[in-house]
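# Coordinate inspection notes
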Amino acid sequence: AMYMYSAMADLAAEYGDEELLDACRTLWNNVTRRRMYITGGIGSSGELERFTTDYHLPNDSGYCETCASIGLALFGRRMALIERDAAYYDVVERALYNRVLAGISTDGQRYFYASPLEVWPDACMDGTSLGHVKPVRQRWFTVACCPTNLARTLASLGQYIYAQSDDTVYINLFVSSSFDAAIGGSRAVLTMKSQLVQQGKADITVSSENHLPFSLAIRIPDYADKPAFLLDGKAIKLDVRNGYAIISGDFSGEHTISVDFHVKPQWVAADPYVRADAGKIALTKGPCVYCLEETDNGGNLAAVFAEPGAEVEENAIVDLPGSLPALIYEGRRLSRAGWNGKLYDRARFELESVRLRAVPYGLWGNREPGEMIVWQNALISKD
């Protein structure tokens, strides 16, 4: 479906077909507002690898094929190019940083075909409703679309980071990189150094030997908190259009734009119609969704609770690459004391304090195999 929708967007743009483009908008809105996981995963059913119905987003059985999220990114990129609306990239970025990145191990040798948001390895048995869930990445698949699709996506990441019209260069993702832009017969080189997930900041240097007036359109992500822009060290007033900060002028010589999105950890909830996530919360920072792994927090993660207002500390993940921050916070866990082997008993709930450590979902499963969970039970105050 995602590849067909991408083709529809291409045809709508090529032929100026507004009716076809309106169909693309309708499809995009339904997928991203009612049928998409917080990780950018899509396709909740392993049966025929398909969508089911609005708000049906089960966590432990969700299919979320790697190729499906790549297709979502392809579709979103096309819609952003057509409409010049940065909101499409909020979804594209979410899919790339979370679901697509989770599809490959950090050593590049193993892959996930499906990747749900909750994994209990003991229950992932062949011949059951969880038979498609693999608690560890695989070396290969009989249908080997995901490894090759990941390879071409990572190799073509530049087309997601930058885009260009006649007189404007668009910066859509904040990834350390460089871009050679041809503008009106002249040449400008953009060099970006990003610490988006770590510090919420990026520096963009523009260099040109010629008189070169043009515009930079820098996306303001939906998670930005009072974004601040400096041009050569001086604060500038933002001209914001369709989610882009537009900076226009003569960029001859060398100029540096410094961006601070003031990215902080955030607790997120789902629409109450998402039954699987009712009364639960997830932790994010910038484009990254975070998860709990058994190797950091022990087993039976379904019994973990967290407060939506819990303070979150950050520290570097020393046992995973990328210098991304781990998020540390105080939570609670249901106690098993007093059950004495009974399967059912009178209702009582005793909570033990526990210190929890969350890591980016895109990096899960790269250490010791074990449980993983994104959505945690919320300790909801009566206030």
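This text gives an overview of the structure that appears in the document. (Residues numbered from 1 in each chain as written. Predicted model: local features only at pLDDT ≥ 70, side-chain atom pairs only at ≥ 80, totals over all residues. Heavy atoms only, no water.)

Before going further, it helps to spend a moment on the sheet that holds strand E11 (residues 244-250). Spatial strand order, E2-E3-E7-E11-E10: five strands in an open sheet with mixed pairing. Two strands lie at the open edges of the sheet, namely strand E2 (162-164) and strand E10 (239-241), each paired on one side alone. Direction aside, neighbouring strands of the sheet carry axes that sit 30° apart on average. Pairing of E10 with E11, which is carried by three bridges, proceeds in the antiparallel orientation. When the bridges of E11 are listed, Asp-239 appears paired with Ile-246. (Pairing = 2+ DSSP bridges. Helix = DSSP H or I, 4+ residues; strand = E, 2+ residues; numbered from the N terminus. Axes fitted to C-alpha atoms, helices over the stretch in contact; angles between N-to-C directions.)

Side chains on a regular strand alternate between the two faces of the sheet. Relative to E11, strand E7 (residues 213-219) runs antiparallel, the two sharing seven bridges. Counterpart to Ser-215 in the pairing with E11 is Ser-248. The antiparallel pairing of E10 with E11 creates a hairpin that spans two residues between the two strands, and Asn-242 there sits at a positive phi of about 50°.

Turning our eyes to something else, we now look at the packing of helix H2 (residues 18-34) against helix H3 (residues 66-83). Taken N-terminus to C-terminus, the directions of H2 and H3 make an angle of 130°; their axes are 11 Å apart at the nearest point. It follows from the interaxial angle that H2 and H3 lie oblique. Considering only the axes of H2 and H3, their crossing is left-handed. Residue-level contacts link Leu-21, Cys-24, Arg-25, Trp-28, Val-31 and Thr-32 of H2 to Leu-72, Phe-75, Gly-76, Met-79, Ile-82 and Glu-83 of H3. Its residues assigned to classes, the contact of H2 with H3 shows eight nonpolar, two polar and two charged. (Parallel < 35°, antiparallel > 145°, perpendicular 65-115°, else oblique. Left-handed = near helix turned anticlockwise from the far one by under 90°. Contact = heavy atoms within 4.5 Å. Nonpolar A, V, L, I, M, F, W, Y, C, P; charged D, E, K, R; others polar.)

This part takes up the sheet that holds strand E4 (residues 177-183). Reading across from one edge, E4-E5-E6-E12-E8-E9 is the order of the six strands in this open sheet, with antiparallel pairing throughout. Edge strands, defined here as strands with exactly one partner in the open sheet, are E4 and strand E9 (234-235). As paired strands, E4 and strand E5 (residues 186-195) are joined by seven bridges and run antiparallel to one another. When the sheet's bridge partners are listed, Asp-180 is paired in E5 with Val-189.

Along the chain, Ser-115 turns up in the loop between helix H4 (87-102) and strand E1 (118-119). In this structure Ser-115 comes out as buried when scored by relative accessible area, which is 0%. A distance of 2.8 Å separates polar atoms of two side chains, one belonging to Ser-115 and the other to Tyr-361. Not counting the four nearest positions on each side in its chain, Ser-115 is found in contact with Gly-62, Tyr-63, Cys-64, Arg-99, Ala-102, Tyr-361 and Trp-364. (Buried < 20%, exposed > 50% of the residue type's maximum accessible area, 1.4 Å probe, protein only. Polar contact = N/O pair within 3.5 Å; in protein donor to acceptor, adjacent residues only side chain to side chain.)

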